Amino acid sequence: MPAAGFILEKIKQGEALKKAFEINRAEITDIIKDSGLKGRGGAGFPTGLKMYLCGAAADTVKYVVCNADEGEPGTFKDRVILETIPEKVFEGMTITAYVIGSREGIVYLRGEYAYLKSELENVLKEMRKNNMLGENILGKGFSFDIRIALGAGAYVCGEETALIESLEGKRGEAKNKPPFPVSSGLFGHPTLVSNVETFCNIPHIVDKGSLWFKNMGSGKSTGTKLISVSGDVKKPGVYEITFGMKVKDLLKLAGAEETKAVDIGGASGIIIPELQFEREISFEDIPTGGSIIVFDKTRKMADIMENFMEFFLDESCGQCTPCREGTKYFVDAVEKIKNRKITEQDLKNLRDISDCMKITSKCGLGQASTNAFISILDNFKDELLS
Amino acid sequence: MDIHINGKKYKAVQGETILEVAVKNGIKIPTLCYHSDLCLAGNCRICVVDVDGAKTLQASCTAMASNGMKIWTNTPKVIKARKMNIQLLLGSHFGECYTCPRNSNCELLKLAEEHGIEELPFPKKSKRTRELEITPSLTRDPDKCIMCGRCVRTCEELQGVHAVKPIGRSNDVRIETFFGQGLMHTSCTMCGQCINRCPTGALYETSCIQPVWDALADPDKYVVVQTAPAVRAALGEEFGMEPGTRVTGKMVAALRKLGFNKIFDTQFTADLTIIEEGTEFLTRLKRTLVGKEKGLLPMTTSCSPGWVKYIEHFYPDLLTHVSTCKSPQQMFGPLAKTYFAEKEGINPSKMLTVSIMPCVAKKYEADRPEMNASGYKDVDYVLTTRELAKMMKTAGLDLKDMPVEEYDNPFGISTGAAVIFGATGGVMEAALRTVYEIVTGREVPFKNLDITPVRGMEDVKEAEITIEGVTAEYKFLEGAKVRVAVAHSLGAAKKVMDKVKSGEADYHFIEIMACPGGCLGGGGQPIPTSPEIRKARARAIYEEDESMAIRKSHDNPAIKKLYEDFLEKPNSHKAHELLHTHYLKRKRFDKVK
């Protein structure tokens, strides 16, 4: 399947925005709903529905927040977007703001991307000069502006409620949901939080219509997806694929050889063996926020396990019991696996802890943090336990 | 709307949590980080329940009930997950239960027992990893902390003090003070409300039990004890009695059995406080109304050491508003070591004063360097209600079995006005009973002397009394409307003080107690605490007031004699030397070293 290729292309700035101003707000929401666009950060919540909910919330103050906290190990596609076509993200945010009735947008930029801040601010300045942002945009009576806020390096702040806490100047910790941000988010006001790539799709869909968009992809996974490919490949980088692409085809594109395992979805994702390379990248089969890490036959699975579990031991916010207390046992277990000292009873206990973490952790971080361990254990049992 | 719990239909109201609906209908769901006084956290994941259609289990304390919801509270899946979370907590909890001050009253231990936890599937924390932090009032044991966050929420929401926060991440997360400098370098008010809400032994009072035993055993020492009003309304709870059981006489008997030389009552100096503070208030009124001086009104009370430390940190520019009267505890100390010692011919250097307080801030207060008006440390040791109960248990004394005995004279004589110091609004009510009568020669115009507008558990209460028919001396007050406010908990204090600071408030007199419910909800009181328990204790306090023969401080014969024999008159030079104090301007936190 060929790369579709529109996300990273430049567009004529303001065209989609002008078009949006000519359509009424409800209609834009319907177009986005109809397109089937889902959040590109990984969770895959329908963007049109989010717009509708936030638009319907009764408040005079609303926020549009662009989640640029790209913290998932192995993903760097948002960085590429922000380096190459930031104005498209900002235009997507502006259209969204117009639809839901917001005057203020914030880009929550990953702390490690601080070096991008001044360039992004230049782009915002230029857009203000061209009346694409600020007061009375394009003379249409709609005002909206965007500022950049820096994260401080916590992985959990990619989770939208923790991100909002961080934006409020508090410790980044996930909050109880409901209320969801669309009804009560930043400073208690309705807030639409979406991923960088999601915002990039919006100008295209407004410009070309939902049918155009729906024609790409497979089943309920419409459109394309940017994938950050790294690891044991000849051509690492950002690939734009249409949903439904098989893992093995992507490996071929990236020049992977002697591949032993592929991590899809980063530290929170799953690790699949060769037997499963026929599987598809889509919301229905293997969803991903965009991280693909390829491991060839020289890699030891226990090392990969260790890397991911140490990551979570570092990144759990420590708020809820299962995530705070559970993770360390997995780090200890890797050590035991490496020393061939793990017992059947240990593995049973670990699965019990993992089950508990999955179903009782307060946010997605803890619910997903044993994915890598368990999928490696299931898929590479012989290597680990022999 | 209707929801289903374990297959049965129940009514629920919009905005109710699953837990609230369950509790209302007598369905028990185990909880840990949840506390009826605090906002919802949903951290511990013990109260999880299965909700049809939800991918994950839901924390019932935070999940809202919605129409048609089907909830299962005890499925094998739920019980297994709950049990695992308890085990995970136990795994990192330094559980040396046999030496823990909370070993008979630990919520974690109780959960473990209820869930039949006999072993842990992983090695348990067996060594200490952090040091104890010991302040004059409270001790923190971070190795026993299970990160429920109740102390943080107490300090933030209830008290508005923000002395502690979580720092670090993952299993390294811990509750810390600003830059880890320790509570004594922050705005911690030593109120100890965190202790009352801590589910484990991670927070407790810094004990004075041993030095008190030593003093009692020392034939060379003359040990007198004073008991605060609120203790008698709560001590019974430590012995399995219902909250709100009055145990005054039994407590006196127990103290006598413990070997104290004299059993005195802080209520005696509570009455004295009313005379001193009431007189000070009238002076401030006169200087303001007649002398047109500024910065004297509103006058605030000064009985609550947590409140005093709070205003020193948070409103240092308003310290002139705080009554210069020492708290009843600190009035008692110097009087015992001067007046009483002289009268009885006891060498004050051999006298030790112990107080039984519902409070842990009192420990800090007794240690304040200025509290040595007698030439000695005025109050040597402060024991909480809980510590007294422990000493009694050590000595094999069960409160239930104690006879009813009387306090010793002269500091055992008190009035109903002094009892109500233990409840929010009580100091105000006692002061009004006296001040009104001083000014008009008549009793306060409230039925049975009950000034009900200042009673009750509302966080800020306001009242107004018009003064009419004054005596010649108080002509300047004829027709004056005296406006008063009462606040309990430091969060409520903030509401009132912000208004004072902005000039919006037109109060003349404000009573502030650091703890919810007043002293009866103090940081040294039996654990647990809840709005219901505090209401029961308040009921006991007001019943005690009703039962007293004398109900106005100025009618206390022992107080009259004290002035005749020793102090001359209210606010005299001698009274100022012994019974009044000054305050310190403090910062929110010390400079980071």
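Keep in mind the model is a prediction, meaning the values are calculated, not measured.

Draft legend 1. Representation of the overall build of chain A in the model. A count of helical and extended segments in chain A gives 16 helices and 11 strands. Seen along its three principal axes, the alpha-carbon backbone of chain A occupies a region of about 70 × 45 × 35 Å. Out of the 386 residues belonging to chain A, those deemed buried represent 61%. Relative to all contacts within chain A whose residues are 6 or more apart in sequence, the contacts with residues 24 or more apart total 71%. Put simply, chain A shows about 14800 Å² of open surface, and 52% of that area lies on carbon and sulfur atoms.

Draft legend 2. Looking closely at the interface of chain A and chain B. With 32 residues of chain A at the contact, the number on the chain B side is 32 residues. Linking chain A with chain B are 2 salt bridges. The tally of links between chain A and chain B comes to 18 residue pairs in polar contact (both at pLDDT 80 or more). Going through the elements one at a time, helix H11 (301–315), helix H12 (321–338) and helix H13 (344–360) of chain A are the ones with two or more residues in the side of chain A that touches chain B. Split by residue class, the side of chain A that touches chain B holds 10 nonpolar, 11 polar and 11 charged.

Draft legend 3. Just the domain arrangement of chain A, in detail. Residue and element names in this part refer to chain A. Taken domain by domain, chain A holds domain 1 (15–215), domain 2 (218–296) and domain 3 (301–385). The centre of domain 1, based on its C-alpha atoms, is set 26 Å off from the matching centre of domain 2. Overall, the association of domain 1 and domain 2 removes approximately 1500 Å² of surface from exposure, summing both partners, and the carbon and sulfur fraction of that is 57%. Counting the surface domain 1 buries against domain 2, the share from its top three residues, Arg 40, Phe 76 and Lys 77, is 31%. The interface formed by domain 1 and domain 2 holds 1 salt bridge in total. Note that Lys 225 is salt-bridged to Glu 197, the shortest N-O span being 2.7 Å.

Draft legend 4. Representation of the sheet that holds strand E11 (residues 291–296) of chain A in the model. All names here are of chain A. An order of E8-E7-E11-E9-E10 is seen for the 5 strands of this open sheet, with the pairing classed as mixed. The open sheet has two free edges, formed respectively by strand E8 (237–242) and strand E10 (270–273), since each of these has just one partner strand. For this sheet, the mean inter-axis angle between neighbouring strands, taken without regard to orientation, is 30 degrees. Relative to E11, strand E7 (residues 224–231) is paired through 4 bridges, and the arrangement is parallel. Residue Ser 228 lies in a different strand from E11, and its bridge partner there is Ser 291. Sheet strands touched by helix H4 (residues 77–84): E7 and E8. Its angle to E7, the strand with the most contacts, is close to 115 degrees.

Draft legend 5. Summary view of unusual backbone geometry. Following Pro178(A), the chain continues into Pro179(A) via a peptide bond in cis, with omega recorded as 5 degrees. By secondary structure assignment, the location of Pro179(A) is in the loop between helix H7 (160–167) and strand E4 (191–195). Here Ile527(B) and Pro528(B) are connected by a cis peptide whose omega angle stands at 10 degrees. Tracing the sequence through the fold places Pro528(B) in the loop between strand E18 (509–513) and helix H16 (531–547). For Ser170(B), which is not glycine, the phi dihedral falls at a positive 55 degrees.

Draft legend 6. Broad picture of H7(A). Residue and element names in this part refer to chain A. Among the 8 residues that make up H7, 8 are buried, leaving the element largely enclosed by the rest of the structure. Buried residues of H7: Glu 160, Thr 161, Ala 162, Leu 163, Ile 164, Glu 165, Ser 166 and Leu 167, and no others. Where H7 terminates, the next one or two residues include Gly 169, which has phi positive at roughly 90 degrees.

Draft legend 7. Geometry of the pairing of strand E14 (residues 351–357) of chain B. All names here are of chain B. For E14, the tally of buried residues reaches 7 of 7 residues, placing the bulk of the element in the interior. Residues Met 351, Thr 353, Ser 355 and Met 357 point to one face of E14 and Leu 352, Val 354 and Ile 356 to the other, with burial holding for every one of them. With 6 bridges connecting them, strand E11 (residues 222–227) and E14 associate as parallel partners. When the bridges of E14 are listed, Val 223 appears paired with Leu 352.

Draft legend 8. Molecular detail of the nonpolar core. In terms of nonpolar packing, the biggest core is built from 86 residues, with Leu235(B), Leu255(B), Phe260(B), Trp307(B) and Met392(B) touching the most fellow members. Here this core gathers at least three residues from each of two domains, domain 2 (88–205) and domain 3 (214–593) of chain B. Excluding its chain neighbours within four sequence positions, the residues that come into contact with Met392(B) are Leu235(B), Phe239(B), Ala254(B), Leu258(B), Leu397(B) and Leu399(B). Counting residues in each nonpolar core, the second largest holds 56 residues, with Ala174(A), Cys323(A), Leu347(A) and Ile376(A) among its members.

Draft legend 9. Broad picture of the side chain of Lys225(A). All names here are of chain A. With respect to the helices and strands, the residue Lys 225 is situated in strand E7. The buried category is assigned to Lys 225, whose relative accessible area is 1%. Only 3.4 Å separates the side chain of Lys 225 from the backbone oxygen of Arg 40, close enough to count as a polar contact. Of the polar contacts made by the side chain of Lys 225, one reaches the backbone oxygen of Gly 289; its length is 3.1 Å. Aside from chain neighbours lying at most four places away, what touches Lys 225 is Arg 40, Lys 77, Glu 197, Tyr 239, Glu 240, Ile 241, Phe 243, Thr 288, Gly 289 and Gly 290.

Draft legend 10. How the structure looks around the packing of H4(A) against helix H8 (residues 196–208) of chain A. All names here are of chain A. Running from amino to carboxyl end, H4 crosses H8 at an angle of 50 degrees, the nearest separation of the two axes being 9 Å. With respect to H8, the element H4 is oriented oblique. Along the contact surface, H4 presents Lys 77, Asp 78, Ile 81 and Leu 82, while H8 presents Val 196, Glu 197 and Cys 200. Taken together, the residues that form the contact of H4 with H8 break down as 4 nonpolar, no polar and 3 charged.

Draft legend 11. Broad picture of the sheet that holds strand E15 (residues 381–384) of chain B. Residues and elements named next belong to chain B. Strand order in the open sheet made by the 4 strands is E12-E11-E14-E15, with parallel pairing throughout. Of all the strands in the sheet, the pair left with one neighbour each is strand E12 (262–265) and E15. With strand direction ignored, the average angle separating the axes of adjacent strands in the sheet is 25 degrees. Along the sheet, helix H8 (residues 266–289) makes contact with E11, E12 and E14, crossing E12 at roughly 35 degrees. Against the sheet, helix H12 (residues 385–394) touches E14 and E15, its axis set at about 85 degrees to E15.

Draft legend 12. Spatial organisation of the environment of Ile559(B). Residue and element names in this part refer to chain B. Structurally, Ile 559 can be placed in helix H17 (residues 557–567). In this structure, the C-alpha to C-alpha distance between Ile 559 and Leu 578, residues 19 residues apart in sequence, is 15 Å. Beyond its immediate sequence surroundings of up to four residues, Ile 559 is in contact with Phe 268, Asp 271, Leu 272 and Ile 275.

Draft legend 13. Fine view of the pattern of salt bridges. Residues and elements named next belong to chain A. Inspection of the entire model under this criterion finds 94 salt bridges over all chains. The salt bridge involving Glu 197 is made with Lys 77; its shortest N-O contact spans 2.8 Å. Placement of the pair is Glu 197 in helix H8 and Lys 77 in helix H4, with a sequence separation of 120 residues. Judged by its relative accessible area of 0%, Glu 197 falls in the buried class. Assessed through its relative accessible area of 1%, Lys 77 is described here as buried.

Scoring rules and cut-offs
- Residues numbered from 1 in each chain as written.
- Chains lettered and ligands numbered in written order.
- Predicted model: local features only at pLDDT ≥ 70, side-chain atom pairs only at ≥ 80, totals over all residues.
- Heavy atoms only, no water.
- Helix = DSSP H or I, 4+ residues; strand = E, 2+ residues; numbered from the N terminus.
- Buried < 20%, exposed > 50% of the residue type's maximum accessible area, 1.4 Å probe, protein only.
- Contact = heavy atoms within 4.5 Å.
- Areas by Shrake-Rupley, 256 points an atom, 1.4 Å probe, with all protein chains shown as cover.
- Salt bridge = Lys/Arg side-chain N within 4 Å of Asp/Glu carboxyl O.
- Polar contact = N/O pair within 3.5 Å; in protein donor to acceptor, adjacent residues only side chain to side chain.
- Nonpolar A, V, L, I, M, F, W, Y, C, P; charged D, E, K, R; others polar.
- Domains from an automatic or database assignment.
- Buried area = accessible area lost by both parts, 1.4 Å probe.
- Pairing = 2+ DSSP bridges.
- Axes fitted to C-alpha atoms, helices over the stretch in contact; angles between N-to-C directions.
- Core = buried A, V, L, I, M, F, W, Y, C linked by side-chain atoms within 4.5 Å.
- Parallel < 35°, antiparallel > 145°, perpendicular 65-115°, else oblique.

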